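# Working through the structure, step by step
So you can see what is in the structure, the chains are spelled out below.
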Amino acid sequence: MAIKDFNIKKIADSGQAFRITEIISGKWRFVAGNKVLYLDETNPLIPESFWTEYFDLAEDYEKFRNAIPKEDEFLTKAAEYGEGIRILRQDPWEMLITFIISQRKNIPAIKSSVEAICSRYGSLIEGDAGVHAFPSPEQLVAATEDELKACSLGYRVPYIMKAARMVCEGGIDLESLKAAEDEELMEKLLSVPGVGPKVANCVRLFGYHRIDAFPVDVWIARVIEEQYGGNFPFELYKGFGGVIQQYMFYYGRTGM
């Protein structure tokens, strides 16, 4: 199915997923779970079922942009610039590990490390293209410290190892947390070594689709300081602040 308000390149550059690859100009590959999808940028025909939910196609993103006051010139421009971004419905385990990896790394470096652990530990799902699934907790818990260091993970290695052990040993049940209230979800995520408020909010937003979550990284902090004098009106976007955050992040990083 074709869909409006959907831009592959903007989604790929919005910092929410690290397994989206432009394999040749205008041709993109998405890897999610044990599934692979190829899309043409000029005619993105999306199959129904799994991918319909993954791309959050049932949601009307125009209504979020329409909620922005016209007098907020910066955010109006940011939303117009970011039109086509959607909040992907991704796997909480993958989001937990990839956003632990993301700390103090740029997007190309994050993608490189993520692909390294997928190639080393993930199950092969498309042999001709050499595409591997994201490794399961059980696969990743078998990793050695030296092997993970070889994936350019640096100081994040012990955090990744501890997170994998916590999931495998029942210290945190990522599946059951889908039904948790926001406060409990945040508390449980923060109990994972190496997870602070920014990473926890990224996992909430991109792994649990809690679209009120508003991660604040260096880009967002800079925008809030420069455009709002350090006082962003979060209350105006209650219930969908994460969507607004994505427009701010994408515009602040690529459009300003």
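As a reminder, the structure under discussion sits directly above these lines.
Below is a short write-up of the structure. (Residues numbered from 1 in each chain as written. Predicted model: local features only at pLDDT ≥ 70, side-chain atom pairs only at ≥ 80, totals over all residues. Heavy atoms only, no water.)

## Thoughts on the side chain of Gln245
Note the following rule: Only DSSP runs of H or I covering at least 4 residues are called helices, and only runs of E covering at least 2 are called strands; the numbering of each starts at the N terminus. With a 1.4 Å probe rolled over the protein chains alone, any residue whose accessible area is under 20% of its type maximum counts as buried; one over 50% counts as exposed, and the rest are partly exposed. Note on contacts: a residue pair qualifies if any of its non-hydrogen atoms lie within 4.5 Å across the two residues.
Mapped onto the elements, Gln245 comes out in helix H13 (residues 241-254). Given the relative accessible area of 4%, Gln245 is considered buried. Apart from residues no more than four positions distant in its own chain, Gln245 is found in contact with Leu205, Phe214, Pro215 and Ile220.

## Some details on the pairing of strand E1 (residues 20-24)
Stated precisely, the cut-off is as follows: Two strands form a pair only when DSSP identifies at least two bridges running between them.
Sheet analysis places E1 next to strand E2 (residues 27-32), joined by four bridges and oriented antiparallel. Each bridged residue has a counterpart across the sheet, and for Ile20 the counterpart in E2 is Phe30. Where E1 folds back on E2, the antiparallel hairpin that results is connected by two residues, among which Gly26 adopts a positive phi of roughly 80°.

## Let's talk about helix H10 (residues 182-190)
The condition that has to hold: Arc definition: directions from the helix axis to the C-beta atoms.
Among the residues of H10, Leu185, Met186 and Leu189 are the ones counted as buried. Viewed along the axis of H10, the buried residues span an arc of 95°, placing them on a single side of the element. In H10, those exposed residues whose orientation departs by more than 90 degrees from the buried face are Glu183 and Glu187. The elements touched by buried residues of H10 are helix H11 (197-207).

## Thoughts on the environment of Ile211
By secondary structure assignment, the location of Ile211 is in the loop between H11 and helix H12 (218-228). Placed 32 residues apart in sequence, Ile211 and Val243 show a C-alpha to C-alpha distance of 6.5 Å. Not counting chain neighbours up to four residues away, the residues in contact with Ile211 comprise Phe64, Ile87, Leu205, Gly239, Phe240, Gly241, Gly242 and Val243.

It is worth stressing that arrangement in space is one thing and function is another; only the former is reported here.
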